[in-house]
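Residue strings, one per chain:
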Amino acid sequence: MSLTGISANRLELLQIAEAVAREKSIDKEVVIEAIEEAIQKGARARYGAEHDIRVRIDPKTGETTVKRVITVIDDEAVFESEDGVPEEPVGVRRLADALRSDKDAFVGKTYEEILPPFEFGRVQTQMARQVVTGKVREAERERQYEEFKDRVGEIVNGVVKRVEYGNTVVDLGRGEGIMRRDQSIPRENFNIGDRIRCYIYDVRRETKGPQILLSRAHGGFMAKLFAQEVPEVYDGVIEIRAVARDPGSRAKMAVVSNDSSIDPVGACVGMRGSRVQAVVAELQGEKIDIIQWSPDEATFIVNGLAPAEVSKVVMDEEDERVEVVVPDEQLSLAIGRRGQNVRLASQLTGWQIDIMTESQESERRQREFTERTALFQEALDVDEVIAQLLVTEGFASVEDVAYVDASEVAAIEGFDEDTADEIQTRAREYLDKEAAEYDAKRKALGVEDGLLEIDGVTLPMAVALGEGDVKSVEDLAGLIPDDLRGWFENRDGERVREPGILESFNLDAAEAEALIMRARIVMGWVEAPPEPEVEEDYADEAETEVEAEALAAEETPEA
């Protein structure tokens, strides 16, 4: 775009603005504003930077007006630059000076002077070109961002513009997107000019312009492809609840139907697999397992491990871990090649899945049975048969035996009240002895007595805390729940468990947080929550009921 002077053909100026606006898909007004700013900078270079020069181009006639504006300010007004140095603004006149030439002058009054046309020099032309180019580019970037920011989650068609270090730049018509190497399907190569379908997963406003991030490996891409192929998905009759992909290799997709008469899996597969095959072809032969979503987590996990069969599921909801037992011959199928099946099932369900065979589970149960039997034999000084009977009846620890109702122990086949009383006495003696040992160990570790006064802290916990270098109430108050319970970290792509100080006590998040909060209350770091007040109405009702019962007892004749 050339600017040689503001006295140029007016219609030519408007034609240039229209052409640029049409080419860059931006408003004509934005281009005209850019030209105005360019002429304004040129005029300041010509007449002096101390002047407040303003330029106006009539959008209908193209007539350009350049004027110098002077504003009257107060005599006492003080202006500072960004670094705090006093600085007089451009285009101003103090009131006292203005009154010398104009008796009607007042603060805020402006004087305008039309400046004559002038020719742009080489430097001014270059400056004007840079201003217009910068403004137009900025407007173009803003237009692209506004246009694409609401299209996140859509599939777009484009043409490959260039390929740089594995990243593919795609011309989207009114914008330019980039598909990074990790968002493309492995072993999929594109050449310049190839037509391509991609999924917009993010649009970011950055200094170098809006970044339209594209993907063919994103789970949303596969979901949108099914929406295009399956009318029931497009209409919302069938919902795609979750997608997990190993791009270019295998994927799992969980679907559910809002209409009980429609089979969601069958609808997505299509007649003779026609619908799913269309998606598979777009994804370069990626195998897709379509499974039924279920609100029941255990059922969903079992479905997610298909085609493997599952015998048993044990869930730990607190840590979102699940232990899955499969027949011995199904182990390799459940795990999949290089762990692919269980990894995708874990991504799909959001649960950490541990797989073991029936024989492994049986061995573990037998080991636990043997360990508990040995514990009861040693702690209670009983023979193996009695210890096995206690384990079989569900007693897992000496505490269970010591503090359960005596009738439950006496109810075991072959036991009587005397036997139950003797066993419970031995259990309590063992626990007392164990407590004394723990207390001695606690003191040897330097754990303060005040720690035991925190509600919920037992002697074994105090020892474990001492071994974890937590020896005072203040030490406990400074922890977070993960310090007590443990946490997971990602190392080299693997999820690794870091044990907590009280790992063996199986505290849930609420219990760990409550222990720490009680310590903080004792330290005075936080205030104790107010105790719930009993509503007066309920209290009155309770008193009335007590009085009524007492009155009825008095009126009842003695037998």
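Up top you'll find the structure we're talking about.
Rules of the game
Residues numbered from 1 in each chain as written. Predicted model: local features only at pLDDT ≥ 70, side-chain atom pairs only at ≥ 80, totals over all residues. Heavy atoms only, no water. 1 Å grid on protein atoms, 1.4 Å probe; cavity = no way out; pocket = protein on both sides within 12 Å on 5 of 7 lines; lining within 4 Å. Points joined across faces, edges and corners; volume = space filled by probe spheres on them. Helix = DSSP H or I, 4+ residues; strand = E, 2+ residues; numbered from the N terminus. Nonpolar A, V, L, I, M, F, W, Y, C, P; charged D, E, K, R; others polar. Pairing = 2+ DSSP bridges. Contact = heavy atoms within 4.5 Å. Polar contact = N/O pair within 3.5 Å; in protein donor to acceptor, adjacent residues only side chain to side chain. Axes fitted to C-alpha atoms, helices over the stretch in contact; angles between N-to-C directions. Parallel < 35°, antiparallel > 145°, perpendicular 65-115°, else oblique. Left-handed = near helix turned anticlockwise from the far one by under 90°. Core = buried A, V, L, I, M, F, W, Y, C linked by side-chain atoms within 4.5 Å. Buried < 20%, exposed > 50% of the residue type's maximum accessible area, 1.4 Å probe, protein only. Phe/Tyr/Trp six-rings, centres within 6.5 Å; stacked < 30°, edge-to-face > 60°. Lys NZ or Arg CZ within 6 Å of the ring centre and 35° of its normal. Patch = residues over 30% accessible without salt bridge, like charges linked within 9 Å, V, L, I, M, F, W, Y side chains within 5 Å. Areas by Shrake-Rupley, 256 points an atom, 1.4 Å probe, with all protein chains shown as cover. Salt bridge = Lys/Arg side-chain N within 4 Å of Asp/Glu carboxyl O. Lys, Arg positive; Asp, Glu negative; His and termini not counted. Charge placed at Lys NZ, Arg CZ, Asp CG, Glu CD.

Colleague: Tell me about empty space enclosed by the protein, and name the residues and values.
Modeller: In this structure the tally under the stated criterion is one cavity of 30 Å³ or more. The volume enclosed by the largest cavity comes to roughly 30 Å³. Lining the largest cavity are Arg 197, Leu 225, Gln 228, Glu 229, Ala 278 and Val 279. At the level of secondary structure, the elements contributing two or more residues to the lining of the largest cavity comprise helix H5 (219-229) and helix H8 (274-282). In terms of residue count, H5 provides more of the lining of the largest cavity than any other element does, three residues in total. Grouping the amino acids of the lining of the largest cavity by side-chain chemistry returns three nonpolar, one polar and two charged.

Colleague: With reference to specific residues and values, describe the pairing of strand S6 (residues 167-171).
Modeller: Bridge count between strand S5 (residues 155-164) and S6: five bridges; the pairing is antiparallel. Paired with Val 163 across the strands is Thr 168, a residue of S6. Hairpin connection of S5 to S6: two residues between the antiparallel strands, including Tyr 165 at a positive phi of 50°. Following S6, the chain reverses through four residues before pairing antiparallel with strand S7 (residues 176-179); Gly 173 in that reversal takes a positive phi of roughly 95°.

Colleague: Describe the environment of Arg 442, naming the residues involved and giving the relevant values.
Modeller: Inspection of the secondary structure puts Arg 442 in helix H16 (residues 417-445). Spatially, the C-alpha atoms of Arg 442 and Leu 465 are 9.1 Å apart, while their sequence positions differ by 23 residues. Setting aside anything within four residues of it in sequence, one finds Arg 442 in contact with Val 447, Glu 448, Asp 449, Leu 452, Leu 459, Ala 462 and Val 463. Separated by 2.9 Å, the side chain of Arg 442 and the backbone oxygen of Val 447 make a polar contact.

Colleague: Help me get a handle on the packing of H16 against helix H18 (residues 459-467), residues and values and all.
Modeller: Put simply, H16 and H18 touch, their axes get as near as 9 Å, and they point 25° apart. Taken together, the axis directions place H16 and H18 in an arrangement best described as roughly parallel. In this structure, H16 meets H18 at a crossing whose hand is left-handed. Counted together, Ala 435, Tyr 438, Asp 439, Lys 441, Arg 442 and Leu 445 of H16 and Leu 459, Pro 460, Ala 462, Val 463, Gly 466 and Glu 467 of H18 form the full contact between these two elements. Looking at the contact of H16 with H18, its residues break down into seven nonpolar, one polar and four charged.

Colleague: Requested: an account of the nonpolar core, with residues and values cited.
Modeller: Met 222, Phe 226, Cys 268, Leu 283, Ile 288 and Ile 290 are the most contacted members of the largest nonpolar core, which has 22 residues in total. Of all the secondary-structure elements, those providing two or more residues to this core are H5, strand S11 (250-257), helix H7 (264-269), H8 and strand S12 (287-292). In terms of residue count, the dominant contributor to this core is H5 (five residues). Beyond its immediate sequence surroundings of up to four residues, Ile 288 is in contact with Met 222, Phe 226, Ala 251, Val 276, Val 279, Val 280 and Leu 283.

Colleague: Let's hear about the sheet that holds strand S9 (residues 209-215): which residues, and what values?
Modeller: Sheet architecture is closed into a barrel: five strands sit in the order S5-S6-S7-S9-S8, paired in mixed fashion. Across the sheet, the axes of successive neighbouring strands diverge by a mean angle of 50°, strand direction being ignored. Against the sheet, H5 engages S5, strand S8 (195-206) and S9, with an angle of about 130° to S8.

Colleague: A description of the packing of aromatic side chains should follow, citing residues and the corresponding values.
Modeller: What describes a pair of aromatic rings is the distance from one ring centre to the other and the angle between the planes of the rings. This structure, assessed with the given rule, holds one aromatic pair. Stacked on the ring of Trp 293, the Lys or Arg Arg 241 has its end atom at 4.2 Å from the ring centre. The residue whose ring lies beneath Arg 497 is Phe 488, and the NZ or CZ to ring-centre distance is 5.0 Å.

Colleague: Now, about the sheet that holds S12: what can you tell me, with residues and values included?
Modeller: A sheet is described by the order of its strands in space; here three strands give the open sequence S10-S11-S12, paired in mixed fashion. Where the open sheet ends on each side, the last strands, each with one partner, are strand S10 (238-246) and S12. Put simply, the sheet's adjacent strands are angled 20° from each other on average, direction ignored. Strand direction decides the pairing type here: S10 and S11, joined by eight bridges, are antiparallel.

Colleague: Residues and numbers for a negative patch on the surface, please.
Modeller: Residues Asp 296, Glu 297, Asp 316, Glu 317 and Glu 320 make up a contiguous surface patch of negative charge. Note that Glu 320 resides in the loop between strand S13 (312-316) and strand S14 (321-326). On the accessibility criterion, Glu 320 (43% relative accessible area) is partly exposed.

Colleague: Outline the pattern of salt bridges, listing residues and values.
Modeller: Tallying each qualifying case throughout the model produces 23 salt bridges. One salt bridge in this structure joins Glu 176 and Lys 161, with 2.5 Å as the shortest N-O distance. One end of the pair, Glu 176, is in strand S7; the other, Lys 161, is in strand S5, and 15 residues separate them in sequence. Of the residues examined, Lys 161 reaches a relative accessible area of 41% and is grouped as partly exposed. Here Asp 289 and Lys 252 are joined by a salt bridge, their closest N and O atoms 3.4 Å apart. Taken together, the residues Asp 289 in strand S12 and Lys 252 in strand S11 connect sequence positions 37 residues apart. When salt bridges that share partners are traced, they join Lys 161, Arg 162, Glu 164 and Glu 176 into one network.

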